[in-house]
Amino acid sequence: MIRFTTAGESHGEGLLVIIEGIPAGFTINSEDINIELARRQKGYGRGQRMCIETDTVKIFSGVRHEVSLGSPIAMYIANKDFKNWTKIMSPTSVDSEEMPLLKPRPGHADLPGFMKYGVNDFRDILERASARETAARVAAGAVCKALLKEFEISIASYTSQIGDVTADISSVKEDEIWYDAEMSYVRCPDAKASEKMIQLIKKAGEKGDTLGGKVVIVTKNVPAGLGSHTQWDLKLDGRLAQSLISIQAVKAVEFGAGTKLASLFGSLSHDEIFYDVTRGFYRNTNRAGGIEGGMSNGEPIVVTCTMKAIPSLANPLHSVNLATKETAEAEAVRSDVCAVSAVGVVAEAAVAVELAKALKEKFGGDSLKDMKKNVNIYKERIKVL
Ligand code: EPS
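Summarised in this report is the structure supplied together with it. (Residues numbered from 1 in each chain as written. Predicted model: local features only at pLDDT ≥ 70, side-chain atom pairs only at ≥ 80, totals over all residues. Heavy atoms only, no water.)

Right, let's get into the sheet that holds strand 10 (residues 250-255). A sheet is described by the order of its strands in space; here five strands give the open sequence 8-7-9-15-10, paired in antiparallel fashion. Since the sheet does not close on itself, it has two edges, and those belong to strand 8 (165-166) and strand 10, each with one partner. Here strand 10 runs beside strand 15 (residues 301-307); their pairing, made up of five bridges, is antiparallel. Bridge pairing links Phe255 to Val303 in strand 15. Lying on the sheet, helix 7 (residues 191-206) is in contact with strand 7 (154-162) and strand 8; it crosses strand 7 at an angle near 60°. (Pairing = 2+ DSSP bridges. Helix = DSSP H or I, 4+ residues; strand = E, 2+ residues; numbered from the N terminus. Contact = heavy atoms within 4.5 Å. Axes fitted to C-alpha atoms, helices over the stretch in contact; angles between N-to-C directions.)

Next comes the structure, spelled out in structure tokens:
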């Protein structure tokens, strides 16, 4: 079973991630992981913190001479900013001068966490709730992405909306979408929309406001039959949705035509089935987003995630002082104006982990060689049935 766990606070010493179940025998180098970490940091609208950090990974177990051993892979990403927070975030000594945070931000974990954990300062909550943790998820995702690449499975994403600006990619060639997304400051392949998004983020920032949006994640070449219809918690779409909605500020996850399906007749909701000797079974549409009955059907897996606007506002919302119960403005902490460009990269990582998990479940194998052999035999079988 592939699984991972993360640890670390936003302004603590660093982030840790341990990923288990990765088969032995495939090449992992820290540079590939660093590329993904750098992609997560980019984007117009990211906060000051991104100028402080240059996220890089230190692999300290599970890999020898750049090859996976099959043992747990432990990785560490240092928080460069920690040097400015050594007193406030010290795991040992008490900082007597520190003022507790007591004016919770609506939409953040501050108030529910304060109530649930009985703390006296909601820094105890926000430090772990922070989306800084997604750097660790991206490192785990990068390992899984590299594993999926061995099976020619690719994952990419683009920004399709920020605020009320939507992208129109109907005139962008399919193979240029991903390149154009990487070249855009907001990861949007529609150049005109990209410019409008930047202007909108700029305006929001000037007003002390924030913005959300949507990202689309596309995974190609996934073999049919990952996940299962046999039990609720084995369904691939359910598993992907859980993983994606757990990303900070993600509020909705859609597969294929998603919410549009509510208004469509059955005749226009599904993907008719065709067969060709060389291709095997295929479809001409992909309204299902590559998943039917909780199983991949061989078409690209297409997921859209909606991210709400970040709840840390420089121009704060109405709140209440938790000590005095008096009306107050929410704490204004340093943050991003818009992190939609980052959420695409984090969502790619989440998808990579879930698919690697499902691939290993279906094909087993403690070694990459065994897994590859099993995948090839299976692919031949389902082509002819
Ligand atoms: C960060 C995500 C955001 C940033 C954070 C770094 O965290 P949050 O979810 O708490 O808003 O604001 O940086 C800071 C906390 C800071 O002090 O600037 C990330 O993705 O790395």
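Most often, soluble globular proteins keep nonpolar side chains buried together rather than apart. Ile22, Ile33, Met75 and Leu244 are the most contacted members of the largest nonpolar core, which has 77 residues in total. Of all the elements, helix 9 (residues 340-363) adds the most residues to this core, at 16 residues. Discounting residues that sit within four places of it in the chain, Met75 has contacts with Leu15, Leu16, Val17, Ile19, Ile33, Val57, Lys58, Ile59, Phe60, Ala139, Ala140 and Val143. Listed in part, the nine residues of the second largest apolar core include Ala156, Tyr158, Val216 and Val218. (Core = buried A, V, L, I, M, F, W, Y, C linked by side-chain atoms within 4.5 Å. Buried < 20%, exposed > 50% of the residue type's maximum accessible area, 1.4 Å probe, protein only.)

Right, let's get into the site of the ligand. In the neighbourhood of the ligand, the contacting residues comprise Ser10, His11, Arg40, Arg46, Arg49, Met50, Ser130, Ala131, Arg132, Arg334, Ser335 and Asp336. One of the side-chain N or O atoms of Ser130 is found 2.9 Å from an oxygen atom in the ligand. The separation between an oxygen atom of the ligand and a polar side-chain atom of Arg132 is 3.1 Å. Across the shell around the ligand, the residue classes tally to two nonpolar, four polar and six charged. (Near = heavy atom within 4 Å. Polar contact = N/O pair within 3.5 Å; in protein donor to acceptor, adjacent residues only side chain to side chain. Nonpolar A, V, L, I, M, F, W, Y, C, P; charged D, E, K, R; others polar.)

Below, the discussion takes up the sheet that holds strand 2 (residues 14-20). Strand order in the open sheet formed by four strands is 1-2-6-3, and the pairing between neighbours is antiparallel. Each end of this open sheet is capped by a strand with a single partner; those strands are strand 1 (3-7) and strand 3 (57-59). Sheet twist, expressed as the mean angle between neighbouring strand axes with direction ignored, is 20°. In terms of strand pairing, strand 1 meets strand 2 through five bridges, oriented antiparallel. Residue Ala7 lies in a different strand from strand 2, and its bridge partner there is Leu16. Contacting strand 3 and strand 6 (73-78), helix 1 (residues 30-41) crosses the sheet at an angle of about 150° to strand 3. Along the sheet, helix 5 (residues 134-149) makes contact with strand 1, strand 2 and strand 6, crossing strand 2 at roughly 30°.

All right, on to the environment of Ala330 then. Here Ala330 shows up in the loop between strand 17 (327-329) and helix 9. C-alpha of Ala330 to C-alpha of Gln242: the two residues are 88 residues apart in sequence and 30 Å apart in space. When residues no more than four places from it in sequence are discounted, the contact partners of Ala330 are Lys103, Pro104, Arg105, Pro106, Pro316, Leu317 and Ser319.

A word on unusual backbone geometry. In this structure, His65 is a non-glycine residue whose phi angle is positive, near 50°. With respect to the helices, strands and loops of the structure, His65 is situated in the loop between strand 4 (63-64) and strand 5 (67-68). You will see that Ala249, though not glycine, has its phi angle at about 75°, which is positive. By the element assignment, Ala249 lies in the loop between helix 8 (236-245) and strand 10.

Moving on, we get to the pattern of salt bridges. Inspection of the entire model under this criterion finds 27 salt bridges. In this structure, the salt-bridge partner of Glu53 is Arg132, at a minimum N-O distance of 3.8 Å. Here the residue Glu53 occupies a position in the loop between helix 2 (49-52) and strand 3, and Arg132 occupies one in the loop between helix 4 (123-129) and helix 5, the gap between them amounting to 79 residues. Overall, the relative accessible area of 3% leaves Glu53 in the buried class. Among the residues examined, Arg132 registers a relative accessible area of 4% and is labelled buried. Taken together, the salt bridges that share partners define one network made up of Arg40, Arg49, Glu53, Asp55, Asp81, Arg132 and Arg334. (Salt bridge = Lys/Arg side-chain N within 4 Å of Asp/Glu carboxyl O.)

A full pass over the atoms with the stated rule returns four aromatic pairs. Seen from their ring centres, Phe363 and Tyr378 are 5.2 Å apart, and the 70° between their planes marks the pair as edge-to-face. With a gap of 15 residues between them, Phe363 in helix 9 and Tyr378 in helix 10 (residues 368-384) connect regions that are remote in the sequence. Both residues of the pair, Phe363 and Tyr378, count as buried. In this structure, Arg279 is placed above the aromatic ring of Tyr282, and the distance from its NZ or CZ to the ring centre is 3.8 Å. (Phe/Tyr/Trp six-rings, centres within 6.5 Å; stacked < 30°, edge-to-face > 60°. Lys NZ or Arg CZ within 6 Å of the ring centre and 35° of its normal.)

Bear in mind that shape data such as this cannot, by itself, settle questions of function.
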